[in-house]
Amino acid sequence: MDLYEIRGGILDAIAEEAEQQGLSRESTTVEPYNVAPDRRGRTARDVSTFQRFSVDTNESLHFEPCEDCPPSPTGAEDGNDEDDVFKEGGTEREIITIRNRLQGKVAEMESFAGHLEEIFLTVEENFGRQEQHLEQHYNDVLQTLSQRYDERAAGLEEEKKGKLEALYSQLLACGRAMDASKELIEAAQEIYRSQDKRLFLKTVMPTIKRIEEFAKEEVDLRLATSLDFNTPLADLSDVKTMMDSINVVPAPSAPVINPQMPNSASQTSLRVCWSLFSDDTVEYYELYYRPVLEDTPADSTCAPHESKVKVKETHCTVTDLLPNAQYELWVTATNTTGISPVSEKALYMTVPSPPVIKQRECTSCPEAALIRWESGNTNPVDSYTVELSEMGTDGLQSGVTESIVAVPTCQCLIQLQSGRRYLISVRAVNIGGPSDRSEVITVSTTGTFFHLLEETAHPCLSISEDGFTMFYGDEELPISAMALDDNTFARCVAVLGNLIPVRGRHYWEVEVDDGTEFRMGVAYEDTERNSYLGANNTSWCMRHILTPTRHKYEFLHNGWSPDLRITVNPVRIGVALDYERGALSFFNVDLEQHLHTFHCNFRSYVHPCFSLDNPGALTVHNGIEAPEYTFI
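No experiment lies behind these values; they were computed from the predicted model shown.

Cut-offs and rules
Residues numbered from 1 in each chain as written. Predicted model: local features only at pLDDT ≥ 70, side-chain atom pairs only at ≥ 80, totals over all residues. Heavy atoms only, no water. Pairing = 2+ DSSP bridges. Helix = DSSP H or I, 4+ residues; strand = E, 2+ residues; numbered from the N terminus. Axes fitted to C-alpha atoms, helices over the stretch in contact; angles between N-to-C directions. pLDDT = per-residue confidence, 0-100. Contact = heavy atoms within 4.5 Å. Core = buried A, V, L, I, M, F, W, Y, C linked by side-chain atoms within 4.5 Å. Buried < 20%, exposed > 50% of the residue type's maximum accessible area, 1.4 Å probe, protein only. Expected span 1.5 Å × (residues − 1). Bend = angle between axes of the 7 residues up to and from the residue. Salt bridge = Lys/Arg side-chain N within 4 Å of Asp/Glu carboxyl O. Patch = residues over 30% accessible without salt bridge, like charges linked within 9 Å, V, L, I, M, F, W, Y side chains within 5 Å. Areas by Shrake-Rupley, 256 points an atom, 1.4 Å probe, with all protein chains shown as cover. Lys, Arg positive; Asp, Glu negative; His and termini not counted. Charge placed at Lys NZ, Arg CZ, Asp CG, Glu CD. Disulfide = S-S within 2.5 Å. Phe/Tyr/Trp six-rings, centres within 6.5 Å; stacked < 30°, edge-to-face > 60°. Lys NZ or Arg CZ within 6 Å of the ring centre and 35° of its normal.

1. A short note on the sheet that holds strand β29 (residues 593-599)
Right, so step 1: The antiparallel open sheet is built from 7 strands, whose spatial order is β20-β21-β31-β23-β27-β28-β29. Both edges of this open sheet fall to β20 (461-463) and β29, since each of them pairs with a single strand only. For this sheet, the mean inter-axis angle between neighbouring strands, taken without regard to orientation, is 20°.
Right, so step 2: Of the pairings in the sheet, the one linking β20 to strand β21 (residues 469-472) comprises 3 bridges and is antiparallel in character. When the sheet's bridge partners are listed, Ile 463 is paired in β21 with Met 470.

Now the structure itself:
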């Protein structure tokens with residue numbers, strides 16, 4: 001029976017089982033694969049764009065009552081709420097569990113059928129090679145026997161020719177003897193009949209002498225050659241050897257390992273395939289493998305441990321391996337005669353370990369999110385795949401998972417829809433296949449979201465664990481105790497927030513008590529670390545100064561501020577950044593009061609920036625929706 005018929009029969013049986021369990025009343029709706037368009041038709045500048053497609057997950061399969069299904073065997077009507085199992089959450093979960101179990105059975109049966117197909121092909125391939133081997137031996141034996149026949153026939157022909165020539169020569173000699181005898185007899189008779197005595201006496205003596213001489217000649221009346229032909233035993237030892245070799249197959253030639261196929265590995269396993277490009281008969285193969293380590297000394301005693309697997313097929317799955325590691329593999333073939341030479345060595349790679357999302361470096365806004373991660377692998381990976389799915393109002397994942405593929409670096413800017421929540425994860429991809437998912441993070445597009453970058457903070461600053469509050473203590477550190485680098489503020493006690501790399505509108509709020517002197521605003525990434533915020537042309541900020549008589553506020557850019565007076569000290573300040581309009585505005589949130597607006601065509605993306613000029617604390621509130629009065 002054909003393997004596909006077997007598979008079809010198994011699937012039919014599973015379908016019957018599903019009907020017996022009551023699933024005939026359900027219809028499964030699977031959302032088709034689709035390419036998700038750009039959420040708002042926008043693309044981020046200076047950021048690569050990638051193809052996006054959708055992959056249906058198990059959760060995208062949902063059941064709906066079948067309109068034309070037969071009535072329930074219990075006689076319950078569709079309108080009877082008491083017997084309507086589809087309105088009970090527990091029953092739905094049970095149906096989904098049964099469905100998933102059946103899907104698992106189908107997957108197992110398909111895998112088993114595929115394995116049988118591979119075995120069938122291997123047996124058929126071995127049979128074909130054996131058949132060709134027997135046919136070749138048969139032809140060789142026939143050719144040898146034909147050669148022996150031709151040689152023997154030629155020998156008999158030569159022997160026959162020699163015998164005939166010898167007999168012919170003897171026949172000619174007998175003929176000559178008979179002619180001479182006949183001549184002598186006739187001469188004697190003629191002398192005898194002669195009447196002339198004188199002539200008789202004259203001729204009789206020479207004739208008698210000739211007869212005596214002829215009588216002295218011995219005539220060999222034996223056959224000059226034997227009538228039997230020489231029949232030596234034919235030397236068929238080579239034919240016997242060839243016949244015996246039919247049962248003694250030759251040792252196989254060296255196999256050839258195939259290059260690694262895409263998606264042929266997992267984190268701890270490799271699927272290896274090889275070929276045998278000859279008609280050799282093989283009983284089993286031995287696959288050898290060992291990890292490739294970069295800093296392995298030349299001394300063989302320090303070489304990695306070598307492992308071996310024995311299989312009968314021309315493929316094997318090697319398990320218990322290291323993730324994202326290169327392995328060197330080679331194979332030999334063995335039959336009853338011996339072992340083949342070693343194949344050429346091939347390099348295979350297991351799939352990478354899951355990336356680690358750097359949540360403190362991820363930012364989001366109502367239109368997009370910038371996700372950053374680190375590889376977590378010693379060997380380089382080919383690319384990354386970012387997967388995202390929208391969260392429903394019930395807090396559960398929706399059915400469709402969208403994927404952004406072939407991301408070359410450890411960050412990706414994703415276009416999203418405003419006012420939604422998303423679950424985002426990352427996979428690393430190499431020739432072996434994709435890794436497992438990274439830890440899933442939740443991203444909200446309600447408002448702009450960022451953390452304070454601790455690596456940019458002045459040494460006197462402390463950043464809270466959640467990354468939203470900065471503290472400036474009373475104790476001043478000596479210069480010798482300050483660990484400064486090129487990215488750290490050295491003069492101004494300041495810190496930057498994550499870059500906001502999306503054109504559009506952004507809003508966040510800052511909470512600080514009125515006894516703290518501060519600066520807040522935005523700055524370019526290359527703003528001077530040895531300068532104060534607002535004192536150069538790469539930063540814009542609002543400054544609070546305590547004087548003996550009042551609270552003074554300045555709005556600084558390049559060291560200049562307009563002359564403004566604020567009568568009510570703001571405790572919670574709103575900051576609105578509009579890239580498109582080139583505007584940076586500040587508001588008193590409690591009074592919904594506009595304080596000041598900078599107008600500037602920003603040449604690149606900016607960081608939020610914050611500074612404390614005396615001991616105190618400052619807290620950033622972000623991920624919140626911008627009030628209506630901020631972008632009028």
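Having seen the structure, we can now continue with the description.
2. Here's the deal with the sheet that holds strand β30 (residues 606-612)
Right, so step 1: With antiparallel pairing, the 5 strands of this open sheet are ordered in space as β22-β30-β24-β25-β26. What marks the edges here is a single partner per strand, and that holds for β22 (494-496) and β26 (551-557). The sheet shows a mean angle of 15° between the axes of neighbouring strands, taken without regard to direction.

3. Here's the deal with the confidence of the model for the protein
Right, so step 1: Taken as a whole, the protein shows an average pLDDT of 80; of its residues, 80% reach a score of 70 or greater.
Right, so step 2: Per-residue pLDDT stays below 50 along residues 21-82; that stretch engages in 110 contacts with residues further than four places along the chain or on separate chains.

4. Details of the nonpolar core
Right, so step 1: Of all hydrophobic cores here, the largest spans 40 residues; its most connected members are Trp 508, Met 520, Phe 586, Phe 602 and Phe 610.
Right, so step 2: Examining the composition of this core, we find that 4 residues originate from one element, strand β24 (residues 518-524), more than from any other.
Right, so step 3: One finds Val 272, Trp 274, Val 318 and Tyr 327 within the second-largest nonpolar core, a separate group that totals 22 residues.

5. A look at helix α3 (residues 197-216)
Right, so step 1: For α3, with 20 residues, the first-to-last C-alpha span of 28 Å sits near the 28 Å given by 1.5 Å per residue.
Right, so step 2: Along α3, the sharpest kink reaches roughly 30°, centred on Val 204 and followed within four residues by the proline Pro 206.

6. As for the pattern of salt bridges
Right, so step 1: Inspection of every chain in the model, using the stated rule, returns 16 salt bridges.
Right, so step 2: As a salt-bridge pair, Glu 390 and Arg 420 come within 2.8 Å of each other at their nearest N and O atoms. Of the two residues, Glu 390 is situated in strand β14 (residues 383-390) and Arg 420 in the loop between β16 (411-415) and β17 (421-430); the sequence distance between them amounts to 30 residues.
Right, so step 3: Given the relative accessible area of 24%, Glu 390 is considered partly exposed.
Right, so step 4: The residue Glu 554 makes a salt bridge to Lys 552 at a minimum N-O spacing of 3.5 Å.
Right, so step 5: Several salt bridges share partner residues, and in doing so they unite Arg 519, Arg 543, Lys 552, Glu 554 and Asp 613 into one network.

7. Looking at a negative patch on the surface
Right, so step 1: Judged by side-chain charge, Glu 454, Glu 455, Asp 485 and Asp 486 come together as a negatively charged surface patch.
Right, so step 2: If you trace the backbone, Asp 485 turns up in the loop between β21 and β22.

8. Some remarks on the state of the cysteines
Right, so step 1: Going through the model one piece at a time under the given rule, you end up with 0 disulfides.
Right, so step 2: No disulfide involves Cys 492; its sulfur sits 8.1 Å from the nearest other cysteine sulfur, which is in Cys 541.
Right, so step 3: Given the relative accessible area of 0%, Cys 492 is considered buried.
Right, so step 4: In this model Cys 541 remains outside any disulfide bridge; the closest cysteine sulfur is found in Cys 609, 6.4 Å from its own.
Right, so step 5: Using a relative accessible area of 0% as the deciding quantity, one classes Cys 541 as buried.

9. What to know about a nonpolar patch on the surface
Right, so step 1: A cluster of nonpolar side chains, namely Tyr 168, Leu 171 and Leu 172, defines an oily patch on the protein surface of about 320 Å² accessible area.
Right, so step 2: Within the element layout of this structure, Tyr 168 appears in helix α2 (residues 89-193).

10. A few points about the packing of aromatic side chains
Right, so step 1: Summed over all chains, the structure comprises 14 aromatic pairs.
Right, so step 2: Aromatic pair Trp 540 and Phe 602: ring centres 5.1 Å apart, planes at 75°, arrangement edge-to-face. Note that Trp 540 is positioned in strand β25 (residues 539-546) and Phe 602 in the loop between β29 and β30, a separation of 62 residues in sequence.
Right, so step 3: Residue Phe 602 is classed as buried on the basis of its relative accessible area of 7%.
Right, so step 4: Grouping aromatic residues by their ring pairs yields a cluster made of Tyr 524, Trp 540, Tyr 579, Phe 602 and Tyr 605.
Right, so step 5: Lys 310 extends its terminal NZ or CZ atom over the ring of Tyr 284, reaching a point 4.5 Å from the ring centre.

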